[in-house]
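What follows is each chain in one-letter form.
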Amino acid sequence: MKTDYSQKSTNDEIRTRFDNDVERFSNLDTGQLTTIDAPITMELCTEAAKYVNPNATELLDIGCGAGNYTLRMLSKINNLNCTLNDLSMPMLQRAKERVSAQTTGTVTLIHDDMRNLTLPDDRFDIILAAATLHHLRDDADWELVFTKFYKTLKPGGSIWISDLITHDSPGLAKLFNKNYSDYLETLGGAEYRQKVLDYVAKEDTPRSVNYQMSLLTKVGFRQVELLHKNSLFAAFGGIK
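Residues numbered from 1 in each chain as written. Predicted model: local features only at pLDDT ≥ 70, side-chain atom pairs only at ≥ 80, totals over all residues. Heavy atoms only, no water.

Participant: Which residues make up the overall build of the protein chain, and what are the values?
Facilitator: The helix and strand tally for the protein chain stands at nine helices and seven strands. Relative to the compact-globule value of 18 Å for 240 residues, the protein chain shows a C-alpha radius of gyration of 17 Å, a close match. Here the C-alpha coordinates of the protein chain stretch approximately 45 × 40 × 30 Å along the principal axes. For the protein chain, with 240 residues in total, the buried portion stands at 50%. Restricting the contact set of the protein chain to residue pairs at least 6 apart, pairs at least 24 apart contribute 75%. For the protein chain, the accessible area works out to roughly 11,300 Å², and carbon and sulfur atoms hold 51% of it. Charge-centre separation for the protein chain: the mean point of 27 positive side chains lies 2 Å from the mean point of 32 negative side chains. (Helix = DSSP H or I, 4+ residues; strand = E, 2+ residues; numbered from the N terminus. Rg over C-alpha atoms; globule rule 2.2 N^0.38 Å. Buried < 20%, exposed > 50% of the residue type's maximum accessible area, 1.4 Å probe, protein only. Contact = heavy atoms within 4.5 Å. Areas by Shrake-Rupley, 256 points an atom, 1.4 Å probe, with all protein chains shown as cover. Lys, Arg positive; Asp, Glu negative; His and termini not counted. Charge placed at Lys NZ, Arg CZ, Asp CG, Glu CD.)

The following block contains the structure:
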């Protein structure tokens, strides 16, 4: 049965929300507040990229936001050429400002939905995708985007994903949804918890780690690795 996504946020609605939230997402302490273990997953993804591709020169950051992941990557591999993609132009402008100050490499902006990207084959050493893939909807979206990622990586290149996830087992989904709900309440009480959960229900369509790692293998990645998982958040990736 085909899933109905008509009640989910449109691209325009998502873009508007992020256009108006640049300051918060420029600050790790506030932008990542609702993401469990955000500092751990950022560190693991960028460390994994450094160890797998120590001689990297070309980085692609999908859904880059204000550039936090690229900045962390630049602290580990200097002067990368950075291609930054986001749906929000204000986010891209902030990311360019911050990233340009930290690299002598080129900084290229791509203002578009990730599904629409036309990327050259065998171009990038590293792809980072943090808190963005959960905006993909049906299976065709997911396979299209993962195939684009595979093709645009150089042989031996790698992608590292940090994101909201779901679970294939209904029982475990119930467990970890409760776990996350309890976590949110510790941040701001019941009203804040409900606000975040309502936003997730409206905007996000995450998939499980099993689904995404299987898809990485299906589109051609020769190795896939789970770096970290806690509740509804995980970090993982693949090597071409």
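The rest of the description comes next.
Participant: An account of the environment of Arg 15 is requested, with residue identities and associated values reported.
Facilitator: The residue Arg 15 is located in helix H1 (residues 11-19) in this model. Judged by its relative accessible area of 25%, Arg 15 falls in the partly exposed class. Separated by 98 residues in the primary sequence, Arg 15 and Asp 113 have C-alpha atoms spaced 9.6 Å apart. Apart from residues lying up to four places away in sequence, Arg 15 is in contact with Leu 87, Ser 88 and His 111.

Participant: Just give me the short version of the sheet that holds strand E6 (residues 223-230), but keep the residues and values in it.
Facilitator: As summarised here, the arrangement of the seven strands in space is E3-E2-E1-E4-E5-E7-E6, forming an open sheet in which the pairing is mixed. At either end of the open sheet lies a strand with only one pairing partner, and these are strand E3 (107-111) and E6. Strand-to-strand twist across the sheet, computed as the mean angle between neighbouring axes with direction ignored, equals 15°. Bridge count for strand E5 (residues 153-164) against strand E7 (residues 233-239) is seven bridges, and the pairing is antiparallel. The residue of E7 that forms the bridge with Ser 158 is Ile 239. Packing of helix H9 (residues 209-219) onto the sheet brings it into contact with E5, E6 and E7, and relative to E7 it is tilted by some 10°. (Pairing = 2+ DSSP bridges. Axes fitted to C-alpha atoms, helices over the stretch in contact; angles between N-to-C directions.)

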